[in-house]
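Okay, here's what each chain looks like letter by letter:
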Amino acid sequence: MDRIIKFLEVEHPEGASGTDMFLINEDLLPVVPEHRTWKWWNYITFWLADSFNLNTFMIASSMVGAGLSWWQAWLCVIIGYSIAAFFLVLNAWPGAVHHLIFPAYIRASFGVYGALWPVFNRAGMACIWYGVQAWIGGECVYTLLCAMSPHYANIPNGIPNSGTTTSYFVAFFIFSFVSLFAIYQPIHKIKHLFTVKAVLAPAAGLGLFGWCIAKAGGVGAFIHEPATVSGGELGWAFVIQLMSCISNMATLITNAVDFASRSSAPSNVVVPQLVALPFTFSIVSLFGILIASSTQSIFGEFIWSPNDIMVALLKDGTAPHTTRAGVAFISIGFIVAQLGTNIAANSISAGCDLTSLAPRFINIRRGGFICALVGFAMCPWHLLSSSNNFTTYLSAYSVFLSSIAGVMVTNYYVVAKRRLHVDSLYTLHGHYGYFYGVNLRAYGAYFAGIAINIVGFVGVTGVQVPESATHIYDLSWFTGFGVSGLVFILLNKIWPVELPTDAECEVVTAGTPAWGTGGDSEIYRSSFDSKEKDDKEMEGAEGGRAKIVSV
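Residues numbered from 1 in each chain as written. Predicted model: local features only at pLDDT ≥ 70, side-chain atom pairs only at ≥ 80, totals over all residues. Heavy atoms only, no water.

Caption draft 1: Quick look at the overall build of the protein. Helix and strand counts for the protein stand at 23 helices and 2 strands. Within the protein, buried positions represent 58% of all 551 residues. Nonlocal contacts in the protein, meaning residues at least 24 apart in sequence, comprise 84% of its contacts between residues at least 6 apart. On the protein, roughly 21900 Å² of surface is accessible, and the fraction owed to carbon and sulfur atoms is 65%. (Helix = DSSP H or I, 4+ residues; strand = E, 2+ residues; numbered from the N terminus. Buried < 20%, exposed > 50% of the residue type's maximum accessible area, 1.4 Å probe, protein only. Contact = heavy atoms within 4.5 Å. Areas by Shrake-Rupley, 256 points an atom, 1.4 Å probe, with all protein chains shown as cover.)

Below is the structure:
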């Protein structure tokens with residue numbers, strides 16, 4: 001048995017033993033300088049690549065189906081993703097300064113053990129999102145196979161009453177299997193996938209856009225029609241769809257520190273993301289709106305899924321070879337788009353989280369494989385049965401993540417005043433041990449952020465609730481984030497905690513032989529001198545520059 005346990009264990013840093021094995025492994029430590037390779041342009045290509053995925057097309061297009069005019073839908077996307085970018089950068093900055101991933105960083109606010117529930121909560125969201133994006137990727141594979149062989153769509157269905165067909169399930173399996181090879185790659189190398197995707201995915205999106213506009217002879221008559229709702233109904237429809245944009249980014253906002261931890265300088269995660277995120281998503285969303293509008297002229301009905309559009313273009317196997325070749329090219333681009341999005345936004349996020357839940361046996365790579373397994377087993381096609389169900393799900397789950405983000409942001413910027421004692425993140429006996437490893441103030445604020453939305457959340461399930469509760473829930477990200485943040489500040493005013501000093505925050509010894517000694521000996525001070533060059537780009541970060549002490 002001991003041999004089996006030893007075989008299953010992942011690599012741990014020097015000095016880790018006993019209970020430390022349940023708090024630390026190599027992936028949970030601050031990112032080493034040689035892996036801080038992300039420059040400012042890597043974050044631009046990251047968002048360019050991430051925005052070109054079918055989910056972005058579908059969220060934007062579904063707004064038109066909800067009653068908004070095309071320009072109202074596009075304005076909603078621009079505002080929504082701009083707000084999301086602000087929150088994302090706010091939460092990404094500490095990761096770029098301290099080079100920590102989410103499950104380690106969140107211990108500062110929730111406690112070394114208290115962080116387990118928020119981490120599990122966020123990991124669950126990432127796993128579900130992985131399944132959703134993998135299913136959409138499988139639809140792209142299905143379209144590719146149909147373009148290659150018109151007979152593929154007519155494969156007999158051996159899984160009736162499952163909600164899907166054999167042909168779609170096989171395509172889903174192929175996409176899920178191919179994704180495993182990308183999951184195997186370490187985070188600091190995955191940026192090359194985004195570079196490839198930043199070329200292929202836009203080419204595919206532009207190709208579908210140009211094809212539909214040309215085939216329809218323009219953007220379609222729908223583009224000239226007004227909104228189908230008005231007055232207060234229009235206002236709340238706009239707010240609900242705006243919230244769906246923010247909810248779409250809820251996971252990435254919460255775990256913004258993961259990719260920021262690989263930044264070569266803190267400034268890389270600010271302006272590039274504030275500009276690139278809303279710009280790229282608004283452009284892709286505009287394509288989705290215009291493509292959906294053109295489908296009325298082409299097919300006589302509103303089609304909000306680009307995959308459904310491509311399947312319709314194949315005309316049940318009677319399409320000419322040129323059409324099939326065009327659909328195949330676009331499908332390949334979207335397959336790469338979905339693969340990159342799923343790895344960046346979901347498998348890596350879940351992998352980082354799951355390593356914190358069982359650091360003795362799970363690293364980021366193994367966590368990514370677990371995420372892929374959960375996403376495959378959850379039957380994601382049920383979630384995407386209609387655009388309305390999908391949007392409702394997004395808004396519902398963001399309630400929990402907004403409360404987590406509210407506590408994290410207010411703890412770092414307001415309560416701790418941007419001081420972070422990294423060594424205390426890996427021990428029960430440091431600043432973040434709190435009450436048996438749990439910060440009760442954080443949980444009080446977390447539940448308060450959920451409580452204000454709970455009545456409206458119940459209303460989504462079909463139970464009759466007051467209209468005011470419904471409107472509060474419609475603003476769930478702001479109410480959850482705001483209430484949890486304010487309550488957390490108030491609780492820390494009433495029951496203040498002992499904050500680390502600037503001197504404590506200047507030295508990081510976790511994972512080295514100096515761990516627990518404070519790094520006071522001359523050998524540890526001189527070892528920092530050899531790293532001074534690597535850390536120079538961090539000079540501008542006030543109150544957050546950490547000295548990495550090693551041997």
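Caption draft 2: Broad picture of the packing of aromatic side chains. Across all of its chains, the model carries 40 aromatic pairs by this definition. Judged by centre distance (6.4 Å) and plane angle (55 degrees), the ring pair of F87 and F478 falls under tilted. Highlighted residues: F87 in helix α4 (residues 70-98) and F478 in helix α20 (residues 476-494), separated in sequence by 391 residues. A residue is classified by how much of its surface remains accessible, and F87, at 9% relative accessible area, is buried. Both rings, one in F400 and one in F457, keep their centres 6.3 Å apart while their planes meet at 80 degrees; by these two values the pair is edge-to-face. Here the residue F400 occupies a position in helix α17 (residues 387-415), and F457 occupies one in helix α18 (residues 440-460), the gap between them amounting to 57 residues. Residue F457 is classed as partly exposed on the basis of its relative accessible area of 26%. (Phe/Tyr/Trp six-rings, centres within 6.5 Å; stacked < 30°, edge-to-face > 60°.)

Caption draft 3: View of the side chain of D474. Of note, D474 is situated in helix α19 (residues 467-474). Although D474 is buried, it makes no salt bridge; R122 carries the closest opposite charge, 24 Å away. Not counting the four nearest positions on each side in its chain, D474 is found in contact with W236, V239, I240 and M243. (Lys, Arg positive; Asp, Glu negative; His and termini not counted. Salt bridge = Lys/Arg side-chain N within 4 Å of Asp/Glu carboxyl O.)

Caption draft 4: Summary view of the nonpolar core. Core analysis: the largest hydrophobic core is formed by 152 residues, its most contacted members being W47, F110, M249, Y426 and W477. Examining the composition of this core, we find that 17 residues originate from one element, helix α7 (residues 116-148), more than from any other. Here M249 is in contact with W47, Y81, A84, L88, L277 and F281, once residues within four sequence places are set aside. (Core = buried A, V, L, I, M, F, W, Y, C linked by side-chain atoms within 4.5 Å.)

Caption draft 5: Spatial organisation of empty space enclosed by the protein. Overall, the coordinates contain 5 cavities of 30 Å³ or more when judged by the stated rule. Counted as a void, the largest cavity has a volume near 140 Å³. Looking at the largest cavity, it is lined by 14 residues, and the ones nearest its centre are Q133, N248, L252, T341 and A345. Secondary-structure elements contributing two or more residues to the lining of the largest cavity are α3 (54-65), α7, α11 (250-254) and α15 (321-357). When residues in the lining of the largest cavity are grouped by element, the largest group, 3 residues, is from α15. In terms of residue class, the lining of the largest cavity is built from 5 nonpolar, 8 polar and 1 charged. (1 Å grid on protein atoms, 1.4 Å probe; cavity = no way out; pocket = protein on both sides within 12 Å on 5 of 7 lines; lining within 4 Å. Points joined across faces, edges and corners; volume = space filled by probe spheres on them. Nonpolar A, V, L, I, M, F, W, Y, C, P; charged D, E, K, R; others polar.)

Caption draft 6: Representation of the environment of W381 within the structure. Mapped onto the secondary structure, W381 falls in the loop between α16 (364-377) and α17. Separated by 250 residues in sequence, W381 and G131 have C-alpha atoms that sit 8.7 Å apart. Ignoring any residue separated from it by four or fewer positions in sequence, one finds W381 in contact with W135, S162, G163, T164, F169 and F172. Among the polar contacts made by the side chain of W381, one reaches the main-chain carbonyl oxygen of S162 at a distance of 2.9 Å. (Polar contact = N/O pair within 3.5 Å; in protein donor to acceptor, adjacent residues only side chain to side chain.)

Caption draft 7: Layout of helix α13 (residues 271-299). With 29 residues, α13 extends 42 Å from end C-alpha to end C-alpha; this agrees with the ideal 42 Å at 1.5 Å per step. Backbone geometry just after α13 places G300 at a positive phi near 80 degrees. (Expected span 1.5 Å × (residues − 1).)

Caption draft 8: A look at the packing of α18 against α20. Remark: α18 packs on α20, axes separated minimally by 8 Å, with the N-to-C direction vectors making an angle of 150 degrees. Overall, the two elements α18 and α20 adopt an arrangement that is roughly antiparallel. Crossing of α18 against α20: the hand is right-handed. Mapping the contact onto sequence places R441, A442, G444, A445, A448, G449, I452 and N453 in α18 and S476, T479, G480, V483, S484, V487, F488, L491 and N492 in α20. (Axes fitted to C-alpha atoms, helices over the stretch in contact; angles between N-to-C directions. Parallel < 35°, antiparallel > 145°, perpendicular 65-115°, else oblique. Left-handed = near helix turned anticlockwise from the far one by under 90°.)

Caption draft 9: Main features of a nonpolar patch on the surface. Nonpolar side chains collect at one region of the surface, where Y113, L116, W117, F120, L357 and L428 lie side by side and expose about 500 Å² of accessible area between them. Among the elements that line the nonpolar patch, the one with the most residues is α7, at 3 residues. Mapped onto the secondary structure, W117 falls in helix α7. (Patch = residues over 30% accessible without salt bridge, like charges linked within 9 Å, V, L, I, M, F, W, Y side chains within 5 Å.)

Caption draft 10: Seen up close, α18. Look at α18: 30 Å from first C-alpha to last across 21 residues, which is about the 30 Å you get at 1.5 Å a residue. Of all the bends in α18, the largest measures some 45 degrees and sits at I454. Among the residues of α18, those classed as buried are R441, A442, Y443, A445, Y446, G449, I450, N453 and G456. Phi turns positive one or two residues past the end of α18, at G462, with a value near 115 degrees. (Bend = angle between axes of the 7 residues up to and from the residue.)

Caption draft 11: Just unusual backbone geometry, in detail. The backbone of N161 sits at a positive phi, close to 65 degrees, despite the residue not being glycine. With respect to the secondary-structure elements, N161 resides in the loop between α7 and α8 (166-183). Among the residues examined, N161 registers a relative accessible area of 85% and is labelled exposed. Phi at R418 takes a positive value of approximately 65 degrees, unusual for a residue other than glycine. Along the chain, R418 turns up in the loop between α17 and α18.

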